[in-house]
Amino acid sequence: MGVIIRQSLKASIVAYIGVGIGVINQLFVSTKYLSVEQMALSRLLLENSILFAAISHLGTPYIADKFFSQFRNEVQKHHGFLVFLLLYPLLGILAFTGLYVLFQDVIANYFSKESPLILQYHFLSIPLTAFWVYISVLEVYCRNHARITVPTIVREIYLKIANILLILIFAFGWIDFQLMMYLLVASYGIGVIILFLYIKNLGKLFIAFDKRYFQGSLFKSMFFFGTFIILGGLGQNIVLFVDRVMLAGESGLRSTGIFVITTYIASIIEIPKKTLTQISVPILSAAIQQNDIGKMKELYQKTALNQAIIGCLFFLGIWCNIDEIFSIIPRKDVFSEGKYVVLSICIAKLLDMSTGLNAEILLYSVYYRVITTFVIIMAIFSIAANKILIPLYDINGAAWATSLTTLVYCSVRVWYVWDKFKIHPFSRQTLSIIVITAITLASILFLPFPTANTLQVILTLFLRSVLILLVFGFLILRFRVSPDVNNLTNSIWKTIKSFVG
């Protein structure tokens, strides 16, 4: 087994452990020991820093992925590429800091009425953004050396555990909320230090710099590519996070906190999407390079089909158990107000998963520039939709704005891929999945289960989830909706029989 396969396997295991830690943190620890406003504030600072980092890094992580092969030379210490990765985004961080300070009065005025608590801490976005930039940059440097496990541990486990521990320390009364927020930001700085030490331990901490390699046409190509990526990354992150930022400004931190938790529940649906996409993209990229339309169509429809199956299974598990899920979350009376936010966001996630790899098809083809155009347009559309709907419908308005943006964005991508390649993600099996999902939902949603106490609630969650898996799984396998799912199930069954025998 090669180093890449071993690293990928380890990183996948770490990522799923991180998901479990994240669920514990978001649904139980944060909701129990932080007020709704405090929890919303901590999430906003983190998500805003991710948004700001998408601009401040000047496209450096993507430049590293695209151009590192042209600098790779262990003997020559990669001609100083690491130094470039450290210095280039520093320019972006300094520019961002200057602009943030310049517009701090505008920021303060926007949040002062509905979310005044933000005003005490919003300046922490500056160091948090810088730390996020360098976590991303060092992570991609490790990845280009086929080392992804430790960076994944830092991102998915260390940062989440640090967050949980700080909240618990705050809950015990050992520190106040202000110090907790400062330490939370500091934990990201420690993450940067850990990655530096790891790179040093690998023997890849090269500080020599060969300026000849960063002149002329090559550097121009890197610069323009990075600039192009910034626009796309900015638009993408606006689409992802603008709803909660605008909720804080338009409706307040209480609504934002409810929205954050309910959208987190819904986002569990798309956890498997990343793995399926990572597996498919190298094959898809090769098919695009070879202009193999038949292979592209096969991948497009298979990924859409399999993502739809997994997404619908997760949706059934969430929506059929939604009342029980809320009943075991601390402050259930508050967060249950977002019940229909979960439904709206689930539908948006399902739509995105069910339309397959259209974004990847465009990104790896000659039409890659159009993705940036689409994302920027959708970012503007999302801001407008949230501005209209939040004042009218509060958290449900934000959810509807997100769903509407997703519907339009997915439809445009599907249309454009069809227009350029004459392929689409749908098949007869798509209708079968819809019918099977509806049958499963109707047969299980209203079955009576006891929920008089916590033990009964947990038992109900378990039994109903097992029933969903059995009914939905049986129908998917019985009607052979996806040959891949049938083959995987047969393989697992044979393995079990062989092990037992």
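Parameters at a glance
Residues numbered from 1 in each chain as written. Predicted model: local features only at pLDDT ≥ 70, side-chain atom pairs only at ≥ 80, totals over all residues. Heavy atoms only, no water. Helix = DSSP H or I, 4+ residues; strand = E, 2+ residues; numbered from the N terminus. Rg over C-alpha atoms; globule rule 2.2 N^0.38 Å. Buried < 20%, exposed > 50% of the residue type's maximum accessible area, 1.4 Å probe, protein only. Areas by Shrake-Rupley, 256 points an atom, 1.4 Å probe, with all protein chains shown as cover. Contact = heavy atoms within 4.5 Å. Polar contact = N/O pair within 3.5 Å; in protein donor to acceptor, adjacent residues only side chain to side chain. Salt bridge = Lys/Arg side-chain N within 4 Å of Asp/Glu carboxyl O. Core = buried A, V, L, I, M, F, W, Y, C linked by side-chain atoms within 4.5 Å. Axes fitted to C-alpha atoms, helices over the stretch in contact; angles between N-to-C directions. Parallel < 35°, antiparallel > 145°, perpendicular 65-115°, else oblique. Phe/Tyr/Trp six-rings, centres within 6.5 Å; stacked < 30°, edge-to-face > 60°. Expected span 1.5 Å × (residues − 1). Disulfide = S-S within 2.5 Å. Patch = residues over 30% accessible without salt bridge, like charges linked within 9 Å, V, L, I, M, F, W, Y side chains within 5 Å.

Asks: In this structure, what is going on with the overall build of the protein chain? I would like to understand it.
Replies: Of the regular secondary structure elements, the protein chain holds 20 helices and 0 strands. Rg of the C-alpha trace for the protein chain: 24 Å, near the compact-globule value of 23 Å for 501 residues, within the 12% margin. Its C-alpha atoms put the protein chain at 70 × 55 × 50 Å along the principal axes. Looking at the protein chain residue by residue over its 501 residues, the buried ones come to 50%. Accessible surface for the protein chain amounts to roughly 24000 Å². Of this, 68% is attributable to carbon and sulfur atoms.

Asks: In this structure, what is going on with the environment of Thr262? I would like to understand it.
Replies: Along the chain, Thr262 falls in helix H10 (residues 253-267). Sequence separation between Thr262 and Leu240 is 22 residues, and the spatial gap between their C-alpha atoms is 15 Å. Those residues in contact with Thr262 that sit more than four places away from it in its chain are Phe326, Phe335, Gly338, Val341 and Val342. At a separation of 3.1 Å, a polar atom in the side chain of Thr262 contacts the main-chain carbonyl oxygen of Phe259.

Asks: Help me understand the pattern of salt bridges in this model?
Replies: Two side chains with opposite charge may pair up if their charged atoms get near one another. Applying the stated criterion across every chain yields a total of 15 salt bridges. Put simply, Asp243 and Arg244 hold a salt bridge, and the shortest N to O gap is 3.2 Å. Considered together, Asp243 and Arg244 belong to a single accessibility category, that of buried residues. In this structure, Glu324 and Arg464 form a salt bridge, with 2.9 Å as the shortest nitrogen-oxygen distance. With a gap of 140 residues between them, Glu324 in helix H13 (residues 322-328) and Arg464 in helix H19 (residues 454-478) connect regions that are remote in the sequence. Note on accessibility: Glu324 and Arg464 belong to one class, buried. When salt bridges with common partners are traced through the structure, they connect Arg43, Glu47, Asp243 and Arg244 into a single cluster.

Asks: Looking at this structure, how should I read the nonpolar core?
Replies: Formed by 137 residues in total, the largest nonpolar core has its most connected members in Met180 and Ile265. The leading source of residues in this core is helix H17 (residues 368-421), at 15 residues. If near-sequence neighbours (up to four positions away) are discounted, Ile265 is found in contact with Leu27, Ile318, Ile325, Phe326, Ile329 and Val342.

Asks: Can you help me understand the packing of helix H6 (residues 125-143) against helix H7 (residues 149-171) in this one?
Replies: The description of two helices packed together rests on the angle between their axes and the distance between the axes. Packing of H6 against H7 leaves a shortest axis separation of 9 Å and a crossing angle of 140°. With respect to each other, H6 and H7 are oriented oblique. Of the residues in H7, those touching H6 at Trp132, Ile135, Ser136, Glu139 and Cys142 are Pro151, Arg155 and Leu159.

Asks: Can you help me understand the packing of aromatic side chains in this one?
Replies: When we look at a pair of aromatic rings, we describe it by the centre distance and by the angle of the planes. The full count for this structure, using the stated rule, is 14 aromatic pairs. On the basis of an interplanar angle of 75° and a centroid distance of 5.9 Å, the ring pair of Phe52 and Tyr100 is categorised as edge-to-face. Of the two residues, Phe52 is situated in helix H2 (residues 36-56) and Tyr100 in helix H4 (residues 81-102); the sequence distance between them amounts to 48 residues. Summarising the burial analysis for this pair, Phe52 and Tyr100 share the class buried. When the ring of Tyr121 is compared with that of Phe177, the centres are 5.6 Å apart and the planes differ by 85°; the resulting orientation is edge-to-face. In this pair, Tyr121 is assigned in the loop between helix H5 (104-112) and H6 and Phe177 in helix H8 (residues 177-202), connecting sequence segments 56 residues apart. Overall, the relative accessible area of 4% leaves Tyr121 in the buried class.

Asks: I would appreciate a short explanation of the environment of Ile390 in the present structure.
Replies: With respect to the helices, strands and loops of the structure, Ile390 is situated in helix H17. Taking C-alpha positions, Ile390 is 30 Å from Leu441, a pair spaced 51 residues apart along the chain. Ignoring anything within four residues of it in the chain, the contact list for Ile390 reads Asp243, Met246, Leu247, Glu250, Ser251, Gly397 and Ala398.

Asks: What's the story with unusual backbone geometry in this structure? I'm lost.
Replies: For residues other than glycine, phi is negative in most cases, and the peptide bonds are mostly trans. Positive phi is not limited to glycine here, since Arg331 has a value of about 60°. Positionally, Arg331 belongs in the loop between H13 and helix H14 (332-335). Even without glycine at this site, Lys422 takes up a positive phi of about 60°. For Lys422, the position within the fold is in the loop between H17 and helix H18 (428-444). Residue classification places Lys422 among the exposed positions, given a relative accessible area of 51%.

Asks: Explanation requested: H8 in the structure shown.
Replies: One turn of the α-helix equals 3.6 residues, which is why residues spaced by three or four share an orientation. Under the 1.5 Å per step criterion, the end-to-end length of H8 is 38 Å for 26 residues, consistent within 8% with the ideal 38 Å. Just downstream of H8 lies Gly203, where phi reads positive at about 80°.

Asks: Is there a simple way to think about the environment of Ser49 in this case?
Replies: Here Ser49 shows up in helix H2. Note on Ser49: relative accessible area 0%, which makes it buried. Those residues within four positions of Ser49 in sequence are excluded, and the remaining contacts are Ser125, Leu128, Thr129 and Trp132.

Asks: Even after reading the chapter, I still don't get the state of the cysteines, so can you show me in this structure?
Replies: Cysteine pairs can be covalently joined through their sulfur atoms, and such a bond is termed a disulfide. Using the criterion set out here, one finds 0 disulfides in the structure. You can see Cys346 has no disulfide; the closest cysteine sulfur is in Cys312, sitting 11 Å from it. Here Cys346 falls in the buried class, since its relative accessible area comes to 0%. Distance from the sulfur of Cys410, which forms no disulfide, to the nearest cysteine sulfur (Cys312) is 14 Å.

Asks: How should a nonpolar patch on the surface be read in this particular structure?
Replies: A contiguous nonpolar patch, built from Leu447, Leu459, Phe462, Leu463, Val466, Leu467 and Leu470 and spanning about 590 Å² of accessible area, is present on the exposed surface. You can see Leu470 is positioned in helix H19.

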